[in-house]
Amino acid sequence: MKYLQSSISLSLLSIIILLGSCGPKRQVLLSPDSHIQVVFEVVDGVPTYAVHKDSKVVIKPSRLGFELKASGKLDSQFKLLGANMESENTTWTAPWGPDKTIVSNFNHLGIRLRHQSTGILIDIAFRAFNDGIGFRYQFPEQNNLGEFVILDELTEFSLADNHQSWWIEADYDSYEKLYQSTLLSEAKWVNTPITMRDKDGLHISIHEAELTDYAGMTLQQLDDRPNTFVSALVPWADGSKVKGSTPFMTPWRTILITDNAAQLVESNTILNLNEPNKIDDTSWIEPMKYMGIWWGMHIGTETWVEGDRHGATTENTKRYIDFASKHNVGGLVVEGWNSGWDKWGAKDAFDHLTSASDYDLEEVAAYAKANNVELIMHHETGGDAEGYELLMEPAYKLCQQLGIKALKTGYAGGIYPRGEHHHGQYMVRHYQKVVETAAKYGIMINAHEPIKATGKRRTWPNMMTREGVRGMEWNAWSDGNPPSHTLIIPFTRMLGGPVDYTPGTFDVMLKNFEKERVAWNADDLSQTRVHTTIAKQLALSVILYSPLQMASDLVDNYIDHPAFQFIDDLNVDFDESKVLNGEVGEYITVARRSGKDWFVGSATNEKARDLEIKFDFLEEGQSYEVSYYADGAKAHWLTNPDDYTILKASLRKGDQWTLKLAPGGGQAIVIKEK
Ligand code: NOJ
Ligand code: CA
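Each value, and the rule that gives it
- Residues numbered from 1 in each chain as written.
- Chains lettered and ligands numbered in written order.
- Predicted model: local features only at pLDDT ≥ 70, side-chain atom pairs only at ≥ 80, totals over all residues.
- Heavy atoms only, no water.
- Near = heavy atom within 4 Å.
- Polar contact = N/O pair within 3.5 Å; in protein donor to acceptor, adjacent residues only side chain to side chain.
- Areas by Shrake-Rupley, 256 points an atom, 1.4 Å probe, with all protein chains shown as cover.
- Nonpolar A, V, L, I, M, F, W, Y, C, P; charged D, E, K, R; others polar.
- Pairing = 2+ DSSP bridges.
- Helix = DSSP H or I, 4+ residues; strand = E, 2+ residues; numbered from the N terminus.
- Axes fitted to C-alpha atoms, helices over the stretch in contact; angles between N-to-C directions.
- Contact = heavy atoms within 4.5 Å.
- Salt bridge = Lys/Arg side-chain N within 4 Å of Asp/Glu carboxyl O.
- Buried < 20%, exposed > 50% of the residue type's maximum accessible area, 1.4 Å probe, protein only.

K.L.:
Mind laying out the site of ligand 1, listing which residues take part and the relevant values?
P.N.:
Of all residues adjacent to ligand 1, which total 14 residues, the nearest are His-298, Glu-335, Glu-380, Lys-408 and His-448. In the environment of ligand 1, an oxygen atom lies 2.5 Å from a nitrogen or oxygen atom belonging to the side chain of Glu-335. Between ligand 1 and Lys-408 there is a distance of 2.7 Å, counted from an oxygen atom to a side-chain nitrogen or oxygen. For ligand 1, whose free accessible area comes to 290 Å², the fraction covered by protein is 97%. For the shell around ligand 1, the per-class residue count stands at 5 nonpolar, 3 polar and 6 charged.

Structural data, given as C-alpha cells:
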C-alpha cells in the first residue's frame, strides 16, 4: 500500500511539471524505498542526469547523447517534450539459480526529447531500484530517422570523488585480464563492470544490461574532467560503432549503488533489466557439474591435435565417463574431439561435424547416455565466427540427434571477418544467434571468449554460463592468477552473471602426472602452479557460481582423493543464495541452498583470516550434519597448499562459527538435514 502511494505521488509530480508554463525541464525519479534519486534535466538544450543516494551525490550531472553519421552530434539543442512515470513490483521465477525467486521492484521514468534542428526524437527510460539504477536510449519510429549509424555514444558517468576502484583495462577482444586495484584517477580506459568504493563504504558499480544488437561499452576518462567517464563503444572494422534502424533500443547503462560489498553481489537489478524468458519449455535446461578432457591440454601433458598425446580418444573419454558416473558429476566436455585443431587460427579451420580418427563420437555419446552422463559438445571456432555461422545448424542438428544438450563454444583467436572485434556489434549479433539457434535445438550454452555477461540469461535461460574472465587456464601456462584475483571477480565480472572460471584443481603445484609437460603456450613452465590452497579450490566451486560448474583437474588427481567428496556432494542447482560477508579483493563467504541442503564457500586473498559466520539462514528446530573442508593448521597457498582437513560437526539455526582461513586459503561446508 505504501508502495502504491509513493508511485501515485510520483505520477502526480510529473504531470504537474508537464503543466508548467515555461515547459518541462527537470524530472525526478525515486527508488521504491526513496533512498536513490535520479534527476534528469535539460539545461540550455543539454540533457543531463545525476544520481544521489540519500544526501550523497553518486553521479554528478552527466551529459547524454550521440554522434550519428548523418546528423552529427546530438547532445544539445534538445527540448523535453514529455515524461511519464510507471512502477513495477513483482516476483518472477528463474529456471535455475543462484536465486530462483526474484523480486523486481522499481520506479520508471520515460522521457521524450526532440532535437530541435533535425527534429530527431529520442526517448530515455530511467529505472530506479533500491540498489541501483538503469537507463537506456530509444529511437522511436519517426520520419526524421530510419536507418542510422552511430559514430559515438556520448553518455557520461561523472563520479563524485576519486574512489578506490577495481577494474580491468579496456580491450576490444579480451576480458582475460588481471584486475587493477587503484584510485579512480588511474582507471583511464576500462571495461565494465568497474566497481568502486567511496570513503564511507558505499559501493558503486557501472556496467550494462541486455546487450543485444549493439556494441559493447568501454569507459574512457575525460582528460579535462576529473573522475568522469564517457562511453566508448567497440568499433566495427569500418570505424563506426553501431548500425541500426528505428525503432531501436540501446542496452541499459547500469549503476549499482549499495551500502556494502555483499549487497552488490546479491543484487538482481541487472537481471531485472532484461526481458522475461522467451523459451516456453525450459524443462530440458538443467544445471550440472562437469569434468573435462581439458586440463591435460592446458598443462601440456596432452594435445588437442591428433597424435600420440591426443587427449580426446574414445578410450580416455570412457575413463572420464566411468568416474563422472560414479561421483555425481553430470557432464563431460571433450576438447580436441573433432578435426581442424592442426589449423587453429586459419579461416575455416574447424570442422564441427567430423571426429578425430581416434574418437568415435557415436560410441562415446551412447556410452555417456548409458552411464547417465551428459556429453558436452565442444566447438572451438578459433575466432572464425563467419565460418561457424555456416556450420551452426548442421552441427546443432548433430547434437540433437546424439542427445547432446550442452555446448561449450570458443573464440580463441582474431575474429573472421578480419577487423571485427569480439566485443563489437558484429560479434554481439553472432553470440545472440548462437544462443537463439541453440535454444531451437534444445542446447545449453557455455561460451568462452564471449561477450560480457549482461543478464541475458533471464530472456534466454539456455545461456548458462560464460568465461570472459582470466580463468583457471592461465595458471597452466602463465604467471597465473594471484590469490586476490578470485576475491575481486565476485564483485566485478560476476555482477553481470555466472562465470565458467573452472575451479577444482587439486594438484595445485602441478606435479602429479606421468606424462611429460610440453609447453604449447608459454616459454617456461617451471614456475606454473595454482595460487591457492586445496580447500580454497573447493570453496571457489560455491563462490564462483556457474550453473555448469567444472571440476577442472585431471581425473587421475580425483581418483581416491578424499576431498573429492565435496564435489560429489555439491548440488549446483541452487534455489537461493546469501552473501554472508565480503570485501572486494579481500574475502567473501557465500551460502547457497539446493533443496534442503546448504553449501557454504569462504575464501581469502593472501591474508590469513578468522571469519565469524552465523548460521541464521537454517530452519528453526532442525538439526543438521555438517562436513567441512578446511585449511590445515600449517596451510599456506605458497608453501603448503595441500594441507587440509575434513571434519564433521552438527549444527542448528543461529549457531556461530569462526572460519579459519590460511593465507590464500578457504573453507567449503556441506550442510544436510539430519
Ligand atoms: C580457450 C578456452 O577458454 C579454453 O577453455 C579452451 O580449452 C581453449 N580455448 C581451446 O578451445
Ligand atoms: Ca579463454
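Having put the structure on the table, let's press on.
K.L.:
Requested: an account of the sheet that holds strand 39 (residues 666-673), with residues and values cited.
P.N.:
Sheet architecture is open: 6 strands sit in the order 32-33-34-39-36-37, paired in antiparallel fashion. At either margin of the open sheet sits one strand with a lone partner, and together these are strand 32 (576-583) and strand 37 (644-652). Across the sheet, the mean angle separating the axes of adjacent strands is 15° when strand polarity is ignored. Pairing analysis gives 6 bridges linking strand 34 (residues 597-604) to strand 39, with the strands arranged antiparallel. Bridged to Ala-603 within strand 39 is Gly-666. Packed on one face of the sheet, helix 11 (residues 534-543) meets strand 33 (587-594), strand 34, strand 36 (623-631), strand 37 and strand 39 and runs near 125° to strand 34.

K.L.:
Summarise the pattern of salt bridges; cite the residues concerned and give the values.
P.N.:
Across all of its chains, the model carries 38 salt bridges by this definition. The shortest N-O distance in the salt bridge between Lys-405 and Glu-286 comes to 2.8 Å. Of this pair, Lys-405 sits in the loop between helix 7 (385-402) and strand 28 (406-410) while Glu-286 sits in the loop between helix 3 (269-272) and strand 23 (288-293), placing them 119 residues apart in sequence. Exposure remark for Lys-405: the relative accessible area of 16% places this residue in the buried category. The residue Glu-386 makes a salt bridge to Lys-347 at a minimum N-O spacing of 3.4 Å. Of this pair, Glu-386 sits in helix 7 while Lys-347 sits in the loop between strand 25 (338-339) and strand 26 (351-355), and the two are 39 residues apart along the sequence. Relative accessible area serves as the criterion here: at 35%, Glu-386 is assigned to the partly exposed category. Its relative accessible area of 33% is what places Lys-347 among the partly exposed residues.

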